[in-house]
Amino acid sequence: MIAASLLLLIAIAAGTLLTFLFDHKTPRAARICLGTCVGLPLLASVGFLMSLALGLTAASVALSASILLSSFLLLLRPDYRGVVVANMSSQRRETKATGRTVKYLIFYLAIGLVLGLVFSRAVFQSGAGIFTGIVNNLGDLPLHLQIINSFAQGHNIPPEDPTYSGVRFAYPFLVDFLAAMMVRAGAGVIPAMWLQNMVLGLALVGSMHYWTLLLTRNRLAGVIAPVLVLFSGGLGWWLLFSDPVPSGGIFSLFTNLPHDYTIVPNSILRWGNSVTTLFVPQRSILFGLPLAIFIFCQWWVALGQPESPASGVEADANQQRPLSPKQPRQSKRRKSAAGAQALAEPQALAGRRMFAAGLAAGLLPLIHAHTFLVVMAAGVCLTPLFPVWRSWLRFFAVAVPVALPEVFWLAHTGGVNARSYLGWQPGWDHADHNILWFWLANTGLFIPLLLVALLWRRGDLALSPRLLKFYTPFLFCFIVPNLIRLAPWIWDNIKVLFVWYLASTPLVALLLARWWSRKSFLRWLAPLFFTTLILAGGLDVLRVITSSTEYQEFEPQGIALADTICRQTAPRALVLHAPVYNSPVFLTGRRSLLGYPGWMWSRGLNYSQRNADIESIYSGAPAAGALLRQYGVDYVLVGPQELASFKVDETFWSRYIKAAQAGPYRLYKINSEPQK
């Protein structure tokens, strides 16, 4: 675990150092968060390229870390070193001069504690098996375990779909590849996932905090915004009043909440809390959103905003002291300071910011494809609104060529029904509910407050024209998913809708912050409205961290069989098992002929014929032997899931060699004709 932690620290440090190439005045805490947003994707991308040549081995992981460490060579440049030293010195002075640091420290410690508790319940193991404490993670967790194990144990380079053998892996897999790198560095799969989630979660909070400060120049709004994101929800908290109070009283109710409050089956509530329905189960979005926020920050500054917000995390660009605060006496220092000052010219840095944003956007397709599409579409829309043509040319000239090979990889995958990704479906997932009531129930007062923020035109509560113009493209992230299905499963439109929510949050946070600062009834409405916005999501998060729920993914005997498979089979072995979400095979990294059908359907894969063939094989049909040879099956698992899913011909399977057994699980080796 030490080596895996060191690997992430190298990525964070390298990303932070690289930000000085295009950004000289961002506050220290925000810089580390932005550096994390950049460093981890760079580590995953470089590691993947190294693995294509060398395989995912300790050597390729070490080489990837060495490449990122080479960024420290920039410190040999006097001008670059002068910028770094001056920025750090300025931040130390600012930290001593204000009391905000302690408040921010308390805030982030509280956020870190909540995230740590939630992520510790995302996947955990005990003597009774492997569990998750989040119901929305029940089907997603085994998929990510299979992907991570396929890289770490199954030699799955170049990536083949580990749940649908023989097909290129058209999935944003870099988040799981990074976890696999940590496993190869010595971490267990579960600790690697927890540590990675924690780093990305804190980076998301920090970058959201800083982006809000850039847009609003309001410290209180900067704190409100990430809280609104983490505890997003709607009016589901109203269900709390109809929940029966147990004999232990109200305290017992809050420590044993009976259900979720942002997504409730067979009801109008479909939005879901961001942490429990997106960041934990859909790990790729937790990797992609911080990188997208990094891009948005660079756009805002490069297109004309001052380098650092007046009410920022720690400093103001217009109030900072010069990069060289003391007049140096030595000529070498004089030269270094002059070079640093030259590098700090806004015109020179604007182009570099757009270059960095383009590189970050180019990395997105294999990190989170929906976020990539949103970022590129937003860039296209912003170009005529902010016609700084040279800057946009730099952005697209970098983003497009970097992204093209990844897009080509994702687009050219056999078996995918492309038409299933697009369709006319107004109202998103509203079913038969009135669309206005649907969105009010699911997001509460968020949309009404957003409309107030956008339409208010009097006094200091009015948004600046520049901010309104910058926000405009993100409205399409709400409009388009409410008209068109963008994935086979309509609920997956939330991957685009949530970017709208993310971009709208600073505006709502600013409105609440300004109301709080006024000496009128609005001051008392602000905390009331804020509470209604986070209460439902907060209840869902509370339900997780109080261990009110736990769901078994894998039982001990299945885990024991998975260990045997890892010891006794080749890494690239193809194992046939029932198409369920929790087969023990997913703990081995071995290839599956067919995983859970819901995974296939949500990715547009046509699996019906393969599913029918698997049923024929288990039933011992006359064509069973030929089908086993056709698909190249090496092993067949017969266990509780198979017996529950198919009519299994035990006589047929008794003719094959039993390679392993653990309790009710039997593994048969398919390397020849059945024994007579």
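Computed from a prediction, not measured in an experiment: that's the story for all the values here.

What counts and what doesn't
Residue indices begin from 1 for each chain and proceed along its sequence in written order. Two thresholds apply to this predicted model, a pLDDT of at least 70 for residue-level local features and 80 or more for giving and counting side-chain atom pairs, whereas whole-chain, interface and lining totals are computed over all residues. Calculated side-chain values reflect all of the structure's heavy atoms, with hydrogen atoms and water omitted. Secondary structure elements follow DSSP: runs of H or I of four or more residues count as helices, runs of E of two or more count as strands, with numbering from the N terminus. Here the globule rule reads 2.2 Å times residues to the power 0.38, and the radius of gyration is calculated from C-alpha atoms. For every residue, the accessible area (1.4 Å probe, protein chains only) is compared with the maximum for its type, and the residue is labelled buried under 20%, exposed over 50%, or partly exposed between those bounds. Note on definitions: a residue-residue contact is assigned when non-hydrogen atoms from the two residues lie within 4.5 Å. We get accessible surface area from the Shrake-Rupley algorithm with a probe of 1.4 Å; when it comes to residues, only the shown protein chains can shield them. Charged residues are defined narrowly, with Lys and Arg counted positive, Asp and Glu counted negative, and His plus the chain ends left uncounted. The location of each charge is read from NZ of Lys, CZ of Arg, CG of Asp or CD of Glu. By convention in these notes, a salt bridge is any Lys or Arg side-chain nitrogen within 4 Å of a carboxyl oxygen on Asp or Glu. Being paired, for any two strands, means DSSP has found at least two bridges between them. Axis definition: a line fitted to C-alpha atoms, limited for helices to the stretch in contact. Angles are taken between N-to-C directions and run from 0 to 180 degrees. Note on residue classes: Ala, Val, Leu, Ile, Met, Phe, Trp, Tyr, Cys and Pro are nonpolar, Asp, Glu, Lys and Arg are charged, and everything else, Gly too, is polar. Any two cysteine sulfur atoms lying within 2.5 Å of each other are counted as a disulfide. The score called pLDDT rates the predictor's confidence residue by residue, from a low of 0 to a high of 100. Between rings of Phe, Tyr and Trp, where Trp is taken as its six-membered ring, a pair exists when centres lie within 6.5 Å; planes separated by under 30 degrees are stacked, by over 60 edge-to-face, and by other angles tilted. Among buried residues, the Ala, Val, Leu, Ile, Met, Phe, Trp, Tyr and Cys ones that are joined through side-chain atoms within 4.5 Å form a nonpolar core.

Thoughts on the overall build of the protein
In terms of regular secondary structure, the protein is built from 27 helices and 10 strands. For the protein, whose C-alpha radius of gyration is 26 Å, the value lies close to the compact-globule estimate of 26 Å for 676 residues. For the protein, the spread of C-alpha atoms along the principal axes amounts to about 90 × 65 × 50 Å. Taken across its 676 residues, the protein has 59% of its residues classed as buried. Sequence separation of 24 or more characterises 76% of the internal contacts of the protein that already satisfy a separation of 6 or more. Surface summary for the protein: the accessible area is close to 27,000 Å², and the carbon and sulfur share equals 64%. The average position of the 53 basic charges and that of the 30 acidic charges among the side chains of the protein differ by 15 Å.

A look at unusual backbone geometry
Of all residues except glycine, most have a negative phi; of all peptide bonds, most are trans. Residues Ile157 and Pro158 are joined by a peptide bond in cis, for which omega reads -10 degrees. Positive phi, normally seen in glycine, also occurs at His155, with a value near 55 degrees. Positionally, His155 belongs in the loop between helix 6 (140-152) and helix 7 (174-184). Look at His155 and you get exposed, because its relative accessible area is 52%. The residue Asn266 is not glycine, and still its phi comes out positive at about 60 degrees.

Quick notes on the pattern of salt bridges
A side chain of one charge can pair with a side chain of the opposite charge if their charged atoms are brought near each other. This structure, assessed with the given rule, holds 12 salt bridges. Put simply, Asp23 and Arg353 hold a salt bridge, and the shortest N to O gap is 3.3 Å. Note that Asp23 is positioned in the loop between helix 1 (2-19) and helix 2 (28-54) and Arg353 in helix 14 (residues 346-363), a separation of 330 residues in sequence. Looking at Arg353, the relative accessible area reads 2%, which means it is buried. The partner of Glu550 in a salt bridge is Arg121, with the nearest N and O atoms 4.0 Å apart. Of this pair, Glu550 sits in the loop between helix 21 (522-545) and strand 5 (551-554) while Arg121 sits in helix 5 (residues 100-122), and the two are 429 residues apart along the sequence. Classification of Glu550 by relative accessible area gives partly exposed; the value is 48%. Here the residues in one salt-bridge network are Asp23, Arg31 and Arg353, joined through shared partners.

Some details on the sheet that holds strand 1 (residues 124-126)
Pairing is antiparallel across the open sheet formed by 3 strands, whose spatial order is 1-2-5. Looking at the sheet topology across the chains shown, the edges are occupied by strand 1 and strand 5. Going from strand to strand, the sheet's axes swing by 40 degrees on average, the running direction of each strand aside. Pairing between strand 1 and strand 2 (residues 129-132): 3 bridges, direction antiparallel. Note on strand 2: the bridge partner recorded for Gln125 is Ile130.

So, the environment of Phe124
You can see Phe124 is positioned in strand 1. A C-alpha to C-alpha distance of 9.6 Å links Phe124 and Trp194, two positions 70 residues apart in sequence. Discounting chain neighbours no more than four positions away, the residues touching Phe124 are Gly129, Ile130, Phe131, Thr132, Gly133, Ile190 and Glu550.

Topic: the packing of helix 9 (residues 219-230) against helix 21
Contact geometry for helix 9 and helix 21: axes closest at 8 Å, N-to-C directions at 35 degrees. Facing helix 9, whose interface residues are Ile224, Val227 and Leu228, helix 21 presents Phe530, Leu533 and Ile534. Among the residues making up the contact of helix 9 with helix 21, the classes are represented as 6 nonpolar, no polar and no charged.

Thoughts on the state of the cysteines
Scanning all chains against the criterion turns up 0 disulfides. Left without a disulfide partner, Cys37 is nearest to the cysteine sulfur of Cys33, which lies 6.9 Å away. Cys477 carries a free sulfur, and the closest cysteine sulfur to it, the one in Cys381, is 8.6 Å from it.

Regarding the confidence of the model for the protein
When pLDDT is averaged along the protein, the result is 90, and 91% of the positions lie at 70 or above. Low pLDDT (under 50) marks residues 305-344, which in the prediction has 91 contacts with non-local residues, meaning those over four places away or in another chain.

Some remarks on the packing of aromatic side chains
Applying the stated criterion across every chain yields a total of 52 aromatic pairs. Taking the centre distance of 5.1 Å and the plane angle of 80 degrees together, the rings of Trp300 and Phe470 count as edge-to-face. Of this pair, Trp300 sits in helix 12 (residues 283-302) while Phe470 sits in helix 19 (residues 465-479), placing them 170 residues apart in sequence. Pair check on accessibility: Trp300 and Phe470 agree, each one buried.

Topic: the nonpolar core
If you look at the biggest cluster of nonpolar residues, it comprises 201 residues, and the most contacted ones within it are Phe279, Phe294, Ile295, Trp299, Phe395 and Trp653. At 17 residues, helix 20 (residues 494-517) tops the list of elements feeding residues into this core. Apart from the residues within four sequence positions on either side, Trp299 is in contact with Met354, Ala357, Val375, Ala378, Gly379, Leu382, Trp392, Phe395 and Phe470. Ranked by size, the runner-up nonpolar core spans 11 residues in total, among them Leu561, Ala573, Tyr635 and Tyr665.

Focus on the side chain of Asp540
With respect to the helices, strands and loops of the structure, Asp540 is situated in helix 21. For the buried Asp540, no salt bridge exists, and the shortest N-O distance to an oppositely charged side chain is 6.3 Å, to Arg543. With near-sequence residues (within four places) excluded, Asp540 lies in contact with Asp260, Tyr261, Thr262, Ile263, Asn273 and Thr276.

A look at the pairing of strand 10 (residues 665-669)
The buried fraction of strand 10 is high, at 4 of 5 residues. As defined by bridge partners, strand 8 (residues 635-638) adjoins strand 10 across 4 bridges and the pair is classed as antiparallel. Its bridge partner lying in strand 10, Leu637 is registered against Leu667. Two strands pair when backbone bridges link them, and strand 9 (residues 657-662) and strand 10 are joined in this way by 5 bridges, in the antiparallel orientation. Looking across to strand 10, one finds that Ile657 is bridged to Lys669. Between strand 9 and strand 10, which follow one another and run antiparallel, lie 2 residues, and Gly663 among them has a positive phi close to 60 degrees.

Observations regarding the sheet that holds strand 9
An order of 7-6-8-10-9 is seen for the 5 strands of this open sheet, with the pairing classed as mixed. The outermost strands of the open sheet, each flanked by one partner alone, are strand 7 (591-592) and strand 9. Both strand 6 (residues 574-576) and strand 7 contribute to a ladder of 2 bridges, which runs parallel. Each bridged residue has a counterpart across the sheet, and for Leu574 the counterpart in strand 7 is Arg591.

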